[in-house]
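Tertiary structure, described
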Amino acid sequence: MFQITDKERAYLNEIASEINYPKGQIIFSASQKTNEVYYIISGLVKIYRTTSDGRQVSVALRYPGDFIGLAEVLSNINEREYSAEAMDNVSILIIWKDSFKKMLVEMPEFSERLIKLMSDRLREAQNTIYDFIMNPTQGRLAIFLLNMAERAGTKGEDGMIHVRLRVTQEELACVIGSARQTISSLLNLFKEDGSIQYEGREIVGVNPKKMKKWIEE
């Protein structure tokens, strides 16, 4: 999470526009011109790429307090390589590229923290590759759900992370490279084990201690 300061938020309010996206709406698409940077105020955003046969491959989830669309702007790439979709109702600040680059110059501490954010994402990508190599499907799913819960939830006195994960089985299958039927079976196992708790169709609790038993170090 990139927590902006009051000073930075005031600056952004001067140069950015706040837009609300309903669940399922595309925020930006591959091949779209790279003219904006986005800051997530609330909601979850899926970053994905579409294969030649039309399948969507999810590569990341972004949370409130995250910037998206950074890599292309900072690298001066003219067209986006990935797409972004609202996974629930999302509020976003949209900042035009030139205004954002001016902000980087005028606020060096902001620029320094942004570099750290990009470094953290590189490390996250490296860890994801390692986890995919080292873990079978159940381990990859456990890692993903645990990371989501830690980012979006609150740890209770009972040791559970209380959260509302609105991700579908199809979306989970895309993220970890599996079939929806396999995800369904594994989620039932996690539920029986006490690793996760459900309310309706939403995961509302994750037990870190039990979840980690599914993960191979």
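These numbers were taken from a predicted model, which means no experiment stands behind them. (Residues numbered from 1 in each chain as written. Predicted model: local features only at pLDDT ≥ 70, side-chain atom pairs only at ≥ 80, totals over all residues. Heavy atoms only, no water.)

Examining the packing of aromatic side chains
Tallied over the full model, the rule gives six aromatic pairs. Here a set of aromatic residues connected by ring pairs shows up, and it is made of Tyr39, Phe67, Phe100 and Phe110. Sitting over the ring of Tyr48, Lys46 keeps its end group 5.3 Å from the ring centre. Looking at Arg140, its charged tip hangs above the ring of Phe132, at a distance of 4.9 Å from the centre. (Phe/Tyr/Trp six-rings, centres within 6.5 Å; stacked < 30°, edge-to-face > 60°. Lys NZ or Arg CZ within 6 Å of the ring centre and 35° of its normal.)

With respect to the sheet that holds strand β2 (residues 26-28)
One open sheet holds the four strands; their spatial order is β2-β7-β4-β5, and the pairing between them is antiparallel. A strand with exactly one partner marks an edge of an open sheet, and here the two such strands are β2 and β5 (56-62). Direction aside, the axes of adjacent strands within the sheet are offset by 35 degrees on average. With two bridges connecting them, β2 and strand β7 (residues 83-86) associate as antiparallel partners. Bridge pairing links Phe28 to Ala84 in β7. (Pairing = 2+ DSSP bridges. Helix = DSSP H or I, 4+ residues; strand = E, 2+ residues; numbered from the N terminus. Axes fitted to C-alpha atoms, helices over the stretch in contact; angles between N-to-C directions.)

Describing helix α4 (residues 108-134)
In this model α4 runs 39 Å from its N-terminal to its C-terminal C-alpha over 27 residues, within 8% of the 39 Å that 1.5 Å per residue would give. Among the residues of α4, Phe110, Ser111, Leu114, Leu117 and Arg121 are the ones counted as buried. Contacts made by the buried residues of α4 are with α1 (6-15), β5, β6 (67-68), α2 (70-74) and α3 (97-106). (Expected span 1.5 Å × (residues − 1). Buried < 20%, exposed > 50% of the residue type's maximum accessible area, 1.4 Å probe, protein only. Contact = heavy atoms within 4.5 Å.)

Side note on the side chain of Asp66
Examined against the element boundaries, Asp66 turns out to sit in the loop between β5 and β6. A distance of 2.9 Å separates the side chain of Asp66 from the side chain of Arg151, its partner in a polar contact. (Polar contact = N/O pair within 3.5 Å; in protein donor to acceptor, adjacent residues only side chain to side chain.)

A short note on the domain arrangement of the protein
As far as domains go, the protein holds domain 1 (6-131) and domain 2 (136-216). The interface is formed by 12 residues belonging to domain 1 together with 12 residues belonging to domain 2. Across the interface of domain 1 and domain 2, roughly 1,100 Å² is buried in total on both sides, 60% from carbon and sulfur atoms. Note that Asp66 is salt-bridged to Arg151, the shortest N-O span being 2.9 Å. At the boundary of domain 1 with domain 2, the tally comes to one residue pair in polar contact (both at pLDDT 80 or more). When residues in the side of domain 1 that touches domain 2 are grouped by element, the largest group, four residues, is from β5. (Domains from an automatic or database assignment. Buried area = accessible area lost by both parts, 1.4 Å probe. Salt bridge = Lys/Arg side-chain N within 4 Å of Asp/Glu carboxyl O.)

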